[in-house]
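Listed below, chain by chain, are the residues.
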Amino acid sequence: MSTILQRPAPDGSVVVTPESAGWTYVGFEAITLAPAAIVERDTGDREACVVVICGTIHVRSAHGEWRDLGGRPDPFSGPPEAAYLPPGTVYCVQAGDDGAEVGICTAPAERGTEARPLRAADVEVVRRGYDTHERVVGNIMMDNQAAERLLVTEVITPSGHWSSYPPHKHDRDTLPDESLLEETYYHRVAPADGFGIQRVYTDDRSLDETVAVHDRDVVLVPRGYHTVAAPPGVAVYYLNVMAGPSRQWAFTDDPALAWTRADGATLDPSLLPFSL
C-alpha cells in the first residue's frame, strides 16, 4: 500500500491534516459544492487560501464579502481565483448557480496577513521548462503574494509532458541553499478516466514510490525529490500547497538530472545505446 497516495471519498472530497499526514504544517481540503450550497469553516490558529478550482463562489467573513470569485468551467480553462483569510476567521463559502469545486489550503500562522480576494489579475501565470517538460504555472500565493507560511500554486502539464522537472526536493532547513517545505499535490485529470504518474524518492531510496494518480487523488510529499508525468492523450492539473518553518521556496535538483534545467539542454549522443 502506498504511503504517499490518498484517494478521494465517494463524494469526491479529500481532507489532509497534519495529523493524518504525519507532519507539522500543511493542511488541505477539496470540496465539491452543489449550486448555492454553503460550507462554513473556521481558520482557528491557521491561515487559509481558498482556491476556486472550478465554478464560482462567494466568500463571506468579518473581513467582508467577495462575490463571484472564479468562473472557469474546469481547472484547465483559464487562471485561478482565490481568497486569503488570516487566523481567527470564521467564513462561509457559497457556490454559484452552477456549483463549484474549491481547494482549502492551510498552514499554522500567528497573525497572517491582510484578508483579501485574489483575482485572476493577481495570479502570476508563466510557462516553465522547455520541450517535453514545458508546462503552465499559475502562482496564486508564491513570492507574488504575502502570507505568513503558505505557498500555493497550480500547474497544468500538457499531454505527453513532464512537470516538477527536473525532479527536485525541499526537505532540509539549510537556507539559503534549501528550505524545508511539506507539500501536497491535488490532481485533476482530463479526460477524467485517464491517469498521470508521480514519483517521490530520496537519495538513499528509503522513500521511493511511483504511483498512478487519478482524478482527485492527492499525493503527499513529506521529503525527497518529486516529479509528474502526463501520458499521451492525458492532461494533468495539480494544485500545490507548501509550508514549513520559513516561507521560502529554495530547492535542490536531483544531481543526476540537474543538467536538464538549462533551456535547450541535450543528452550527449555518446551516452545513447543506439544511433539517432
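Nothing here was measured: the structure is a model prediction, and the numbers come from that model.

Student: Outline the overall build of the protein chain, listing residues and values.
Tutor: Tallying secondary structure elements over the protein chain gives 1 helix and 22 strands in all. In summary, the protein chain has a C-alpha radius of gyration of 19 Å against a globular reference of 19 Å for 276 residues, a match within 12%. Its C-alpha atoms give the protein chain principal-axis dimensions of roughly 65 × 40 × 40 Å. Within the protein chain, buried positions represent 53% of all 276 residues. For the protein chain, restricting intrachain contacts to residue pairs at least 6 apart in sequence, the fraction spanning at least 24 positions comes to 73%. Accessible area for the protein chain stands at about 12,100 Å²; split by element, carbon and sulfur atoms hold 52% of it.

Student: Describe the pattern of salt bridges, with residues and values.
Tutor: Counted under the stated rule, the structure contains 16 salt bridges. The residue Arg-67 makes a salt bridge to Glu-65 at a minimum N-O spacing of 2.9 Å. Of the residues examined, Arg-67 reaches a relative accessible area of 42% and is grouped as partly exposed. What you see here is one network of salt bridges that share partners, running through Glu-101, Arg-188, Asp-215 and Arg-216.

Student: I'd like a rundown of the pairing of strand β7 (residues 81-85), residues and numbers included.
Tutor: Burial runs high along β7: 5 of the 5 residues are buried. Covered by surrounding structure in β7 are Glu-81, Ala-83 and Leu-85 together with Ala-82 and Tyr-84, the residues of both alternating faces. Relative to β7, strand β5 (residues 46-61) is paired through 5 bridges, and the arrangement is antiparallel. Opposite Val-50, over in β7, you have Ala-83 as the bridge partner. In this structure, β7 lies alongside strand β9 (residues 116-118), joined through 3 bridges in antiparallel fashion. Following the sheet pairing, Ala-83 is matched in β9 by Pro-117.

Rules of the game
- Residues numbered from 1 in each chain as written.
- Predicted model: local features only at pLDDT ≥ 70, side-chain atom pairs only at ≥ 80, totals over all residues.
- Heavy atoms only, no water.
- Helix = DSSP H or I, 4+ residues; strand = E, 2+ residues; numbered from the N terminus.
- Rg over C-alpha atoms; globule rule 2.2 N^0.38 Å.
- Buried < 20%, exposed > 50% of the residue type's maximum accessible area, 1.4 Å probe, protein only.
- Contact = heavy atoms within 4.5 Å.
- Areas by Shrake-Rupley, 256 points an atom, 1.4 Å probe, with all protein chains shown as cover.
- Salt bridge = Lys/Arg side-chain N within 4 Å of Asp/Glu carboxyl O.
- Pairing = 2+ DSSP bridges.

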